[in-house]
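Read off the chains here:
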Amino acid sequence: LQRSQQLKRSAWLAPAPCRLSSGLPVNIGVLFVPQQEAWVVERMGKFHRILEPGLNFLIPLLDRIRYVQSLKEIVINVPEQSAVTLDNVTLQIDGVLYLRVMDPYKASYGVEDPEYAVTQLAQTTMRSELGKLSLDRVFRERESLNANIVDAINQASDYWGIRCLRYEIKDIHVPPRVKESMQMQVEAERRKRAMVLESEGTRESAINVAEGQKQAQILASEAEKAEQINKAAGEANAVLVKARAKAEAIQLLAAALAQQHGSAAASLSVAEQYVSAFSKLAKDSNTLLLPSNTGDVSSMVAQALGIYASLTKPQAVKTQEEVPSAREDLQPAPAEVLKAEEASSS
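The name that an unreviewed UniProt entry assigns to the chain is Stomatin-like protein 2, mitochondrial, with the source organism given as Rissa tridactyla. Quoted straight from UniProt, the Subcellular location (unreviewed entry) entry for the chain says "Mitochondrion inner membrane". Quoted verbatim from the Sequence similarities (unreviewed entry) field of the UniProt record, the comment on the chain reads "Belongs to the band 7/mec-2 family."

A. Representation of the side chain of glutamate 129 within the structure. Here glutamate 129 shows up in helix α3 (residues 114-130). Not counting chain neighbours up to four residues away, the residues in contact with glutamate 129 comprise Leu145, Asn148 and Ile149.

B. Spotlight on the environment of cysteine 164. Of note, cysteine 164 is situated in strand β8 (residues 162-173). In sequence terms cysteine 164 and isoleucine 153 are 11 residues apart; their C-alpha atoms lie 6.7 Å from each other. Excluding residues within four positions of it along the chain, cysteine 164 makes contact with Leu97, Tyr98, Leu99, Val150, Ile153 and Asn154.

C. Up close: the nonpolar core. Counting residues in each nonpolar core, the largest one holds 30 residues, and the members touching the most others are Leu97, Ile153 and Tyr167. For this core, the elements supplying multiple residues, two or more each, are β6 (74-84), β7 (90-101), α3, α4 (135-140), α5 (142-157) and β8. Per-element tally for this core: the top contributor is α3, with six residues. When neighbours within four sequence positions are excluded, leucine 97 is seen to be in contact with Ile74, Val75, Ile76, Val78, Val118, Ala122, Ile153, Cys164, Arg166 and Tyr167. By size, the runner-up hydrophobic cluster in this structure holds eight residues, among which are Leu31, Val33, Leu51 and Val68.

D. Quick look at the sheet that holds strand β3 (residues 46-51). Taken in spatial order, the three strands of this open sheet run β3-β2-β5, and their pairing is antiparallel. For this open sheet the edge positions go to β3 and β5 (63-70), each flanked by a neighbour on one side alone. Strand-to-strand twist across the sheet, computed as the mean angle between neighbouring axes with direction ignored, equals 25°. Pairing between strand β2 (residues 37-43) and β3: five bridges, direction antiparallel. Residue tryptophan 39 lies in a different strand from β3, and its bridge partner there is leucine 51.

E. Focus on unusual backbone geometry. Here the phi dihedral of glutamine 36 falls at roughly 65°; this positive angle occurs in a residue that is not glycine. Looking at where glutamine 36 falls in the secondary structure, it is placed in the loop between β1 (30-33) and β2. Phi at asparagine 88 takes a positive value of approximately 60°, unusual for a residue other than glycine. Looking at the secondary structure, you find asparagine 88 in the loop between β6 and β7.

F. Expanded view of the side chain of serine 157. Tracing the sequence through the fold places serine 157 in helix α5. Under the relative-accessibility criterion, serine 157 is labelled buried at 1%. A polar atom in the side chain of serine 157 sits 3.0 Å from the backbone oxygen of isoleucine 162.

G. Focus on a nonpolar patch on the surface. Taken together, the side chains of Val30, Phe32, Leu55 and Phe57 present a nonpolar region at the surface, about 430 Å² in accessible area. With respect to the helices and strands, the residue phenylalanine 32 is situated in strand β1. Classification of phenylalanine 32 by relative accessible area gives exposed; the value is 61%.

H. Molecular detail of the packing of α3 against α5. Two elements in contact, α3 and α5, have axes separated by 9 Å at closest approach and are oriented at 135°. Classified by the interaxial angle, the pair formed by α3 and α5 is oblique. Here α3 runs over α5; the crossing is right-handed. Across the interface between the two elements, Val118, Leu121, Ala122, Thr125, Met126, Glu129 and Leu130 of α3 pack against Leu145, Asn148, Ile149, Ala152, Ile153 and Ala156 of α5. In terms of residue class, the contact of α3 with α5 is built from 10 nonpolar, two polar and one charged.

How each quantity is defined
- Along each chain, the written sequence defines residue order, and numbers are assigned to residues from 1.
- With the structure being a predicted model, the display of local features is reserved for residues of pLDDT at least 70 and the display and counting of side-chain atom pairs for 80 or more, all residues being used for whole-chain, interface and lining totals.
- Water and hydrogen atoms were dropped before computing side-chain values, which therefore reflect all heavy atoms in the structure.
- UniProt positions are given in the numbering used here, feature names are shortened, and annotations may be inferred rather than shown by experiment.
- Put simply, DSSP H or I for four residues or longer makes a helix, DSSP E for two residues or longer makes a strand, and each gets a number counted from the N terminus.
- Contacts: residue pairs with any heavy atoms within 4.5 Å of one another.
- Among buried residues, those of type Ala, Val, Leu, Ile, Met, Phe, Trp, Tyr and Cys that are joined through side-chain atoms within 4.5 Å constitute a nonpolar core.
- Residue burial is assigned from relative accessible area. The probe radius is 1.4 Å, only protein chains are included, and a residue is buried under 20% of its type maximum, exposed over 50%, and partly exposed in between.
- A strand pair is defined by DSSP finding two or more bridges across the two strands.
- Every axis in this analysis is a line fitted to C-alpha atoms, fitted for helices over the stretch in contact. Angles between the N-to-C directions lie between 0 and 180 degrees.
- In protein, a polar contact means a hydrogen-donor-capable atom and an acceptor-capable atom, both N or O and within 3.5 Å, with residues adjacent in sequence counting only if both atoms are side-chain atoms; elsewhere, any N or O pair within 3.5 Å suffices.
- Patch membership requires more than 30% relative accessible area and the absence of a salt bridge. Residues of like charge join within 9 Å; the nonpolar side chains Val, Leu, Ile, Met, Phe, Trp and Tyr join within 5 Å.
- Using a 1.4 Å probe, the Shrake-Rupley method yields the accessible areas, and only the shown protein chains count as cover for residues.
- The working definition used for a salt bridge is a side-chain nitrogen of Lys or Arg within 4 Å of a carboxyl oxygen of Asp or Glu.
- Any angle that is under 35 degrees is reported as roughly parallel, and any over 145 degrees as roughly antiparallel; angles of 65 to 115 degrees are reported as roughly perpendicular and all others as oblique.
- In a left-handed crossing the near helix is turned counterclockwise from the far helix by less than a right angle, and in a right-handed crossing that turn is clockwise.
- Each residue gets one label: Ala, Val, Leu, Ile, Met, Phe, Trp, Tyr, Cys and Pro are nonpolar, Asp, Glu, Lys and Arg are charged, and the others, such as Gly, are polar.

The following block contains the structure:
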């Protein structure tokens, strides 16, 4: 009987299982609860109340602290596990789970081992979510995958008084052959992008060269056009200047011929030009047909003067018609005209 009483007493004083705490305090009547902790008290084996942080009073032997729950954020490592993706690739994946106890009563009486339950729920949810995605989307949509796992855990852990704050995937291990194929795919993609960039550079270079040639041709044509315009303007100005110079020379020559002994000077000039042209014939080995009277300088001069007289005769006639009185006063006698013609022919 004494031994059975000792066993009962030891069973009564034995520490109860503690979830998310380091130990259970002993009821001595006056207790000080630390901040961010919740102590679940049972009176005679039934839930009594939850002690708030600070000073609390309990009845010894009747009241017993059954659970101590920490209200801080708890970090749990999710063990590595295998999962199959939508395209039948087996992955080894692990993660980290961040949770917090929101209701100490549900966390104490809702589930036996909250940490184990949340860990198993995270693993099963992770396998389920990975089975909905292909391998490429697993790496691209890690953030959405973490959010889906958190939502699934919160829906189930609401009855446990625990809220999952976030879930992070630490490592994703793929099979070696799949890893090699992924590396080959990445290298092929990089080569493709390099070739595309090189082709785009070649195209841009060809476009730039063509644009440069086009601009060069346009500028060359504009320069040629300007040159032709300037050349035409220069030639026109030269023609005008030559015409003005020739007109002035003709006016001066006409004035000189109108003076006394002007015809004699014209005859001398024609004779000099004839002798000069005739002297150049022997310098070239050309076959020429010359008139029979080539050596007769006087006849050639007379012929040139006759041409000049025939060209100036209409002008003289016109002048006589315009000013008949002046011509009648200046006209010499017929005998004098005959003498002048005999003198000029001699």
